[in-house]
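Residue-level structural notes
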Amino acid sequence: AHELDITIDNIDKKYNMINPNGIYKYLQQGQGLSAEMGVGPAEHAVEKVNMGKFYYSYSQAEDDGITARITANDVSYTLIRSRCRLGTTGTWTVNDAVTAVIADSGLNITTIIQPNIGNRIVNKCIPYNLSHRETLRMIAQAAMCTCYFNRNNELVFAELTVAETAVDTLDNDNMSVPARISDLGRINRVELIVKDDYVQTESVYTATNKLPGENERVKSFENPLAYDGQSVADWLLLIEQMRIKYELQERGNPAREITDTVKIYDAYNENRNAIITKEEYMYDGTLSANTEARGNSL
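For clarity, every value in this text was computed on a predicted model and none was experimentally measured.

Concerning the sheet that holds strand 15 (residues 201–208)
- Judged by pairing direction, the sheet is mixed, and its 3 strands sit side by side in the order 15-14-16 without closing on themselves. Where the open sheet ends on each side, the last strands, each with one partner, are strand 15 and strand 16 (218–222). Each neighbouring strand pair of the sheet contributes to a mean axis angle of 20°, computed without reference to strand direction.
- Along the sheet face, helix 5 (residues 229–240) touches strand 14 (189–196), strand 15 and strand 16 and points at about 40° away from the line of strand 15.

So, in structure tokens, the structure goes:
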């Protein structure tokens, strides 16, 4: 999910809640904000990058302060608060499931779903009163992929894999300090519980890559929408092998997108590829970024 946080000049107190001549009363939840970020040699020679479409959530301003803060979020923030009541027994394709959930939400959302993902089968047994956002997350997991809103406000379903070719390189030229690397721990067994509350059935699927003499390290998941439970369990175990976590402080490249693969240089000259899982851009006269990425284990 994307969030936009802006601090603005509020010397005239226009954003103060109780100011009768202010503009606070005109701020409504859901108002659209489009954000761009760019660099260039002069004011009118800036190459800008679309950072996405956001919707006003709330603002904060203190009577004794000279700034105000506005927070806006992408469409997924709205999907958290609405409830999905489509559940029944049976199956449908990812395309049909996503279309039905979006229609039930009442929002006008454009989707980009790769054909091989859209034709995958998932269960219909959506738990009653689940949020529309959590429903879409479960559909993606049951379809062995990920989903997110891109910068054009489109809901994307895509594979989650570390590509062989990186779109960007993070090295000493653009990292302020060497990447902090941690091992999230080896998971060698996954249990997936698939329960259909509408016909009162429950199945448990397991996937393991436990080595001889190795202690068992188990992680459990629940997803009633997983039609091919064994394949989903195998996929979850594969994802858990992406256990190398990178945390970076760097110059920032606004053109990068979540799920992009980057090459990250380290002190041992291993320089592995990793997939971007989080980007936090800060601009206060200069651009910087906090980046998180996940890579495969050794």
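Structural notes on the packing of helix 2 (residues 94–105) against helix 4 (residues 132–142)
- Running from N to C, helix 2 and helix 4 point in directions that differ by 175°, and their axes come no closer than 10 Å. The angle between helix 2 and helix 4 falls in the class roughly antiparallel. Along the contact surface, helix 2 presents Val94, Ala97, Val98, Val101, Asp104 and Ser105, while helix 4 presents His132, Thr135, Leu136 and Ile139.
- When its residues are assigned to classes, the contact of helix 2 with helix 4 shows 6 nonpolar, 3 polar and 1 charged.

Notes on helix 2
- Under the 1.5 Å per step criterion, the end-to-end length of helix 2 is 16 Å for 12 residues, consistent within 8% with the ideal 16 Å.
- Of the positions making up helix 2, those classed as buried are Val94, Ala97, Val98, Val101, Ile102 and Ser105. Mapping the buried residues of helix 2 onto a view down its axis gives an arc of 125°, with all of them on the same face. The outward face of helix 2, more than 90 degrees from its buried face, is lined by the exposed residues Thr99 and Ala103.
- Looking one or two residues past helix 2, glycine 106 carries a phi angle of roughly 80°, positive in sign.

Cut-offs applied
Residues numbered from 1 in each chain as written. Predicted model: local features only at pLDDT ≥ 70, side-chain atom pairs only at ≥ 80, totals over all residues. Heavy atoms only, no water. Pairing = 2+ DSSP bridges. Helix = DSSP H or I, 4+ residues; strand = E, 2+ residues; numbered from the N terminus. Axes fitted to C-alpha atoms, helices over the stretch in contact; angles between N-to-C directions. Contact = heavy atoms within 4.5 Å. Parallel < 35°, antiparallel > 145°, perpendicular 65-115°, else oblique. Nonpolar A, V, L, I, M, F, W, Y, C, P; charged D, E, K, R; others polar. Expected span 1.5 Å × (residues − 1). Buried < 20%, exposed > 50% of the residue type's maximum accessible area, 1.4 Å probe, protein only. Arc of directions from axis to C-beta.

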